[in-house]
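# Working through the structure, step by step
Below, each chain spelled out in residue letters.
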Amino acid sequence: MGRKNRNRQRAQQNRDGRAEGKRSRDDAGWGAGYSEIIKENKLFEHYYTELKIVPEGEFEEFMEAMREPLPATIRITGYKSHAKEILHTLKEKYFKEVQDLEVDGQKIEAPQPLSWYPDELAWHTNLSRKILRKSPLLEKFHQFLVSETESGNISRQEAVSMIPPLLLKIEPQHKILDMCAAPGSKTAQLIEMLHSDMDVPFPEGFVIANDVDNKRCYLLVHQAKRLNSPCIMVVNHDASSIPRLHFDQDGKKDVLFYDRILCDVPCSGDGTMRKNIDVWKKWTTSNSLQLHGLQIRIAVRGVEQLAVGGRMVYSTCSLNPIEDEAVIAALLEKSEGALELADASPDLPGLKYMPGIASWKVMTKEGQWYSDWSEVPTSRHTQIRPTMFPPTDPEKLANMKLERCMRILPHHQNTGGFFVAVLVKKAPMPWNRRYPKLRYKDVTSSSEAAPAEELQMGESPADVPPADGSSADAPVEAVEGETPAEGNPSVPDTPDLLEVKKDNVCGPPPPKKMKLFGFKEDPFVFLTEDDPIFPSIQAFYDLSPGFPKLNVLTRTHEGKKRQLYMVSKELRNVLLNNSERMKVINTGVKVWSRNTDGEQFGCAFRLAQEGIYTLCPYIRARIINICVEDVKVLLTQENPFLRKLGDDAHNQAKKLGQCRSESWMSRSVFDAQFKYIKVIQINPMYT
């Protein structure tokens, strides 16, 4: 047989094999593609049996739960004014119809609310895609969920992922940092809490959502945009070296400290085995050993940027104490009393969890156990670190109150595995207190200043202390009459410090160079109050005198401004003072889009649907009040001409002064008109 014939035969066999494999998977039903993955890992079972994080007598139940598929969980966005209406529709229409439904002789289990989530705004269900396809009622329910998710009214989010934002106790005035934010479900919760009062278009607080992965940042932008908030900024940095930001306060430049920080760090993810099937075969103890150092660096960087009196929630989707209690213990020990573990159990009544443990061991990937750092041979010191073990001082360990940590086990309430701890900052971090404000007399010599590549973007050499951590050596001197304090721009923080290697001296971890990567973003250009773009917009929409023109920005320096965005006053402050220090991916909400057809009507900008909630309080013209019947016309008819609306709405439209003749009823002209009639209010007397 010739080479060509042999190759042709092999190709045909491969095609037949793939086709047969595809048929066997299709015949087995949805999800059968994972059948080759056996949900067993003897090392995993041995490890957690030895650590005893599961109550005695419950380990088999724990493992059975880990092998079961994770229920789908939905959350209704709590800040929307119509959240109660969506909940009412779900409960009275869709859930009641599902309650007595049978598919293939099997009774369908109706969705159930999460007992610990406030106001029944979160539900979980065991309905699979296969079952959804078999019933018209379930298919209609699924379509409702999809449409409401796209509009931002409902989010699909894992139950345990909802816990950290709730424990932060967000208020509208809080400045919030989400350090490892992608894909953004928790960030969305933070934004919702910030906008708890929908009548306030610009809350005083804001959310800065960060992620190290440039591509995942765009996923984060997509999630955040569904909520249409002017108080969100997405940035792209390594969380362990995220830059310290500045802002103007009372005419002076000050350091930005956050009231709330969410520190949901990268982890081994063994709590996600119910949805991430690959973890079963990939799990090993070396994953946690490799991530432990990064987790500490991120957590340290977080508490440095936390305001005194603020709260930081540290969380992982791992059950491993090396990634959980060990990180918290190391953080508390470094803080020398500046941090305190808060008891968060009263904040979520009904949540079942296991308290944190105060004793654990470390195991290598070869199965070797170590109970104390003194047992670790020198050859293992690069793999195993002292911070991976519990503190040896019993009094110090007791004062940490590690039992206040919360570990959620899958079998207790049919969820994924999770760990969460709430830290409250009582005082500045020790290494910030120990360095007084420094003034360099001469920084021309490279030996006297820190290396340029180790400086943050925008930092001057004067912000960096001497390499040995002292403050007495020339060329520096302490400034008299000033009290060293965290929050002083000249007081250094972790990424600008070299490690202090002295016995019994608390010091931050070694610095990391800040890296910028990914696509180059368009600039953020704020408009001035006298920008020529405003007069026509002001006249056309009759903007109120209180409209914050300075909060409007565009993404280009040159050419026509095609899109106009708005941010809150506080975010504008941050952007203007840190343009060289951080890489901003996206911020604000789009409020106007250029439409050349509109020039004939006196304004070249139409309202963007995303910005309606933001602009509504300032617009006093081009508003039509309509009744419920008019809404039905707009939603159901392909050509909802204004003449098809009720007399009251029709008359309001005529008074807008843009209808010159009956020719405006043509579809093309109606489109041009309707772009400006975006703010629609339903008159209560008609409802």
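What you see is a predicted model, and the numbers here were worked out from it, not measured in a lab.

### Focus on the overall build of the protein
The secondary structure content of the protein amounts to 21 helices and 29 strands. Considering only residue pairs separated by 6 or more positions, the protein has 76% of its internal contacts joining residues 24 or more positions apart. With an accessible surface of roughly 32,800 Å², the protein has 48% of that area assigned to carbon and sulfur atoms.

### Concerning the sheet that holds strand 5 (residues 122–125)
The strand order 4-5-1-6 describes an open sheet built from four strands, whose pairing is antiparallel. Here the strands that pair on one side only, and so sit at the sheet edges, are strand 4 (112–113) and strand 6 (154–156). Strand direction decides the pairing type here: strand 1 (residues 72–76) and strand 5, joined by four bridges, are antiparallel. Of the residues in strand 5, the one forming a bridge with Thr 73 is His 124. Lying over the sheet, helix 4 (residues 83–99) contacts strand 1, strand 5 and strand 6, oriented at roughly 140 degrees with respect to strand 1.

### Here's the deal with the side chain of His 174
Considering the arrangement of structural elements, one finds His 174 in the loop between helix 7 (163–168) and strand 7 (175–178). A distance of 3.0 Å separates a polar atom in the side chain of His 174 from the backbone nitrogen of Glu 171. Those residues in contact with His 174 that lie beyond four places of it in its chain are Lys 169, Leu 194, Gly 205, Phe 206, Asp 259 and Arg 260.

### Quick look at the packing of aromatic side chains
This structure, assessed with the given rule, holds 18 aromatic pairs. Taking the centre distance of 5.5 Å and the plane angle of 55 degrees together, the rings of Tyr 47 and Trp 283 count as tilted. Taken together, the residues Tyr 47 in helix 2 (residues 42–51) and Trp 283 in the loop between helix 10 (279–282) and helix 11 (285–304) connect sequence positions 236 residues apart. Judged by centre distance (5.6 Å) and plane angle (10 degrees), the ring pair of Tyr 47 and Trp 369 falls under stacked. Of this pair, Tyr 47 sits in helix 2 while Trp 369 sits in strand 17 (residues 369–370), and the two are 322 residues apart along the sequence. Each member of the pair, Tyr 47 as well as Trp 369, is classed as buried. By way of ring pairs, the aromatic residues Phe 44, Tyr 47, Tyr 48, Trp 280, Trp 283 and Trp 369 are connected into one cluster. The positively charged end of Lys 361 is found above the aromatic ring belonging to Trp 369, 4.7 Å away from the centroid. A cation sits over an aromatic face here: Arg 555 above Phe 524, 3.8 Å from the ring centre.

### Some points on the environment of Met 312
Relative to the assigned elements, Met 312 resides in strand 13 (residues 306–316). Distance from Met 312 to Arg 260, taken between C-alpha atoms, is 5.8 Å for residues 52 residues apart in sequence. Beyond its immediate stretch of four places on either side in the chain, Met 312 contacts Ile 261, Cys 263, Ala 299, Gly 302, Val 303, Leu 306, Leu 331, Ala 421, Val 422 and Leu 423.

Procedures and definitions
Residues numbered from 1 in each chain as written. Predicted model: local features only at pLDDT ≥ 70, side-chain atom pairs only at ≥ 80, totals over all residues. Heavy atoms only, no water. Helix = DSSP H or I, 4+ residues; strand = E, 2+ residues; numbered from the N terminus. Contact = heavy atoms within 4.5 Å. Areas by Shrake-Rupley, 256 points an atom, 1.4 Å probe, with all protein chains shown as cover. Pairing = 2+ DSSP bridges. Axes fitted to C-alpha atoms, helices over the stretch in contact; angles between N-to-C directions. Polar contact = N/O pair within 3.5 Å; in protein donor to acceptor, adjacent residues only side chain to side chain. Phe/Tyr/Trp six-rings, centres within 6.5 Å; stacked < 30°, edge-to-face > 60°. Buried < 20%, exposed > 50% of the residue type's maximum accessible area, 1.4 Å probe, protein only. Lys NZ or Arg CZ within 6 Å of the ring centre and 35° of its normal.

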